[in-house]
Amino acid sequence: MTERKRILTGIRPTGALHLGHYAGALENWVRLQKEYDCYFLIADYQVSDYADDIPRVRDAVWEVALDWLAVGLDPEGSSFVIESLVPEHAELTTWLSWFLPVAMLERNPTLKAEMAAMENPEDPNAERKAVPVAFYTYPVMQVANILMPRAHLVPVGEDQLPHIELTRETARRFNHRFKNVFPEPEALVGRIPRLLGTDGNAKMSKSRGNTIDLKDSAETVARKIKRMYAGPPRELDEPGTVEENPIFLYLDAFDPDTQAVAELKQRYETAGVGNKELKDRLTVAINTLLDPFRDRRAKYEGNMGLVREALEHGTNRMRVIARETMEMVRDALDLNYLEKY
Ligand code: TRP
């Protein structure tokens, strides 16, 4: 039997995961976990904006693991990995940082935006501080994360694509200059690359407080949807424009009955449909999606030992591969200094 190809993907432990994570990435992870040998990484070395608050990171590690288990990631077939418990990530980052020009990082649009936000006194979402050195090392570390298990595929949200490009470039350079150690990994973006926030703005994100979290109760979901932005004000029987009402984007994303949604759109644009009807329908659709997650989460919350085991076993599996990869890297770089005499 040939070995399964590998997936490495991850998330920074900053808190509860939301529908944007699900539709942009997690859904793919669940689907692909049978086909691939999967490594799901909790990237705690990379929470630069939270490093001042380690207790929060510690809580978030468990929070993320619970969310993963809740959506149906299988910790037996796949590996849940806590990044800093595999310190080879730091070691590989150090070596790779010699082969990545700073200019390449500075061109990276995600990083550029993050640094600009940090230094911008006007940005309400960013805690103002000087850009730490880690802002240059963390993208290299993400490259190291992906290369560590010699991954073939990286299913991520759209915002991560520049990082994958950096990884491909690094793999190419390394293989060309030393030895062919790393596959050039492909990126895979989910069904809904960027989900709007419940306030109708740009993107669902915790810092904007416009999320529907995977662990929200049915009542919380109903309440959040009731307050959702639903396009310009309209009378009940006034025809509207589907494109102006983001509730339809959500229905397209989360209501499996596409036929019924199509009819609703039709009626909305001719006779007019009240927002309450749309929102009630969306509430049912989202709660139907989240119900099995809630059940699974409750099961694990009642037995946190299982969550711990998932984290421990997955991390141990990654350690074995990390040692193997570091051997290959040391060999490729000819670092075995003691073998001279
Ligand atoms: N940077 C990613 C995020 O902010 C998390 C991450 C860290 C990651 N290492 C990774 C994603 C490796 C994919 C592959 O969500």
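Parameters at a glance
- Along each chain, the written sequence defines residue order, and numbers are assigned to residues from 1.
- Given that the model is predicted, a residue must reach a pLDDT of at least 70 before its local features are reported, and side-chain atom pairs must reach 80 or more before they are shown or counted; all residues, however, enter totals for whole chains, interfaces and linings.
- Values reported for side chains reflect all heavy atoms of the structure, with hydrogen atoms and water molecules removed beforehand.
- Summary of the distance rule: residues count as near a molecule or strand when at least one heavy atom falls within 4 Å of that molecule or strand.
- Contacts described as polar in this section are N or O atom pairs within 3.5 Å, which, within protein, must combine one atom able to donate a hydrogen with one able to accept it, while residues neighboring in sequence count only if both atoms come from side chains.
- The protein chains shown are the only cover counted for residues, whose accessible areas, like all others here, come from Shrake-Rupley with a 1.4 Å probe.
- In this description a helix means any DSSP run of H or I spanning at least four residues, a strand means any run of E spanning at least two, and both kinds are numbered starting from the N terminus.
- Residue classes follow a fixed rule: Ala, Val, Leu, Ile, Met, Phe, Trp, Tyr, Cys and Pro count as nonpolar, while Asp, Glu, Lys and Arg count as charged, and any other residue, Gly among them, counts as polar.
- Only protein chains enter the accessibility calculation, which uses a 1.4 Å probe; a residue is then buried when its area is under 20% of its type maximum, exposed when over 50%, and partly exposed in between.
- Note on pairing: two strands pair once DSSP finds at least 2 bridges between them.
- The convention used is that axes are lines fitted to C-alpha atoms, helices contributing only their stretch in contact, and that angles between N-to-C directions extend from 0 to 180 degrees.
- Here the word oblique covers every angle except those under 35 degrees (roughly parallel), over 145 (roughly antiparallel) and from 65 to 115 (roughly perpendicular).
- Rotating anticlockwise by less than a right angle from the far helix to the near helix defines a left-handed crossing, while the corresponding clockwise rotation defines a right-handed one.
- Contact criterion: two residues are considered in contact whenever any of their non-hydrogen atoms come within 4.5 Å of each other.
- Here the term right-handed applies to a crossover when the path leading from its first strand over the helix to its second strand runs clockwise, the strands being oriented away from the viewer.
- Buried residues of nine kinds, namely Ala, Val, Leu, Ile, Met, Phe, Trp, Tyr and Cys, make up a nonpolar core once their side-chain atoms join them within 4.5 Å.
- Basic side-chain nitrogens of Lys or Arg form a salt bridge, by our definition, when they fall within 4 Å of a carboxyl oxygen of Asp or Glu.
- Paired rings are identified among Phe, Tyr and Trp, the last through its six-membered ring, by centres lying within 6.5 Å, and are further divided according to the angle between planes into stacked (under 30 degrees), edge-to-face (over 60) and tilted (the rest).

Visitor: Tell me about the site of the ligand, residues and numbers included.
Guide: The immediate surroundings of the ligand are formed by 14 residues, with G10, R12, Q142, N145 and Q160 found nearest. Residue R12 places a side-chain N or O atom 2.9 Å away from an oxygen atom belonging to the ligand. Here a nitrogen atom of the ligand sits 2.8 Å away from a polar atom, N or O, in the side chain of N145. Coverage of the ligand by the protein amounts to 91% of the 370 Å² it exposes when considered alone. If one sorts the elements of the shell around the ligand by residue count, strand β1 (residues 6–11) sits on top with 4 residues. Each residue belonging to the shell around the ligand can be placed in one class, and the counts come to 7 nonpolar, 6 polar and 1 charged.

Visitor: So what about the pairing of strand β3 (residues 79–82)? Which residues, and what values?
Guide: Residues S79 and V81 point to one face of β3 and F80 and I82 to the other, with burial holding for every one of them. Two elements, strand β2 (residues 37–42) and β3, share 4 bridges in a ladder whose sense is parallel. Residue Y39 lies in a different strand from β3, and its bridge partner there is S79.

Visitor: Please provide a residue-by-residue account of the packing of helix α2 (residues 54–71) against helix α11 (residues 275–301), values included.
Guide: Where α2 contacts α11, the two axes come as close as 7 Å, and the packing angle between them is 130 degrees. Of the possible angle classes, the one that applies to α2 and α11 is oblique. Once α2 is placed against α11, the crossing between them reads as right-handed. Here E63, L66, D67, L69, A70 and V71 of α2 come into contact with α11, specifically with P292, F293, R296, R297, Y300 and E301. Residue classes in the contact of α2 with α11 are distributed as 7 nonpolar, no polar and 5 charged.

Visitor: If you had to explain the pairing of β2 to someone new, which residues and values would you point to?
Guide: Judged by how many residues are buried, β2 sits mostly within the fold: 6 of 6 residues are covered. For β1 and β2, the ladder comprises 6 bridges, and the chain directions are parallel. When the sheet's bridge partners are listed, I7 is paired in β2 with C38. With helix α1 (residues 19–32) bridging β1 and the parallel β2, this β-α-β connection has right-handed handedness.

Visitor: Account for the nonpolar core, with residues named and values stated.
Guide: The tendency in soluble globular proteins is for nonpolar side chains to be buried side by side. Judged by nonpolar contacts, the single largest core of 55 residues is most densely connected at L19, W68, L214 and I286. Here this core takes 8 residues from α2, the largest share from any one element. Among all residues touching L19, those that are not within four sequence positions of it are L195, M204, I212, L214, F254, I286, L289 and L290. Counting residues in each nonpolar core, the second largest holds 40 residues, with L41, F99, V143 and A322 among its members.

Visitor: Pulling in residues and values, what's your account of unusual backbone geometry?
Guide: The phi angle at R150 is positive, at roughly 55 degrees, despite the residue not being glycine. Of note in the backbone geometry, D334 takes a positive phi value of approximately 60 degrees without being a glycine. Here D334 lies in the segment after α12 (304–333).

Visitor: Explain the pattern of salt bridges to me, using residue names and the numbers behind them.
Guide: The final tally for this structure, using the stated rule, is 28 salt bridges. Across the pair E169 and R173 runs a salt bridge whose closest N-O atoms are separated by 2.9 Å. A residue pair is termed a helical-turn pair when its members lie 3 or 4 positions apart in one helix, as E169 and R173 do in helix α7 (residues 161–177) at 4 residues. The class of E169 is partly exposed, set by a relative accessible area of 22%. For R173, a relative accessible area of 35% corresponds to the partly exposed category. Taking the shortest distance from any N to any O, the salt bridge between K179 and D331 comes out at 2.7 Å. Taken together, the residues span a long stretch of sequence, with K179 in the loop between α7 and β5 (186–189) and D331 in helix α12 at a distance of 152 residues. Classification of K179 as partly exposed rests on a relative accessible area of 41%. Connected through salt bridges with shared partners, the residues E165, R168, E169, R172, R173, E184 and E186 form a single ionic network.

Visitor: Any chance you could break down the packing of aromatic side chains for me, citing the residues and the numbers?
Guide: Enumeration over the complete set of coordinates arrives at 13 aromatic pairs. Centroid distance W29 to F40: 5.0 Å. Interplanar angle 5 degrees. Geometry classified as stacked. Of this pair, W29 sits in helix α1 while F40 sits in strand β2; the two residues are 11 residues apart in sequence, bridging distant segments of the chain. This pair shows no difference in class: W29 is buried, exactly as F40 is. Judged by centre distance (5.1 Å) and plane angle (50 degrees), the rings of F174 and F178 are tilted. Here F174 falls in the buried class, since its relative accessible area comes to 2%. By relative accessible area, F178 is classed as partly exposed at 26%.

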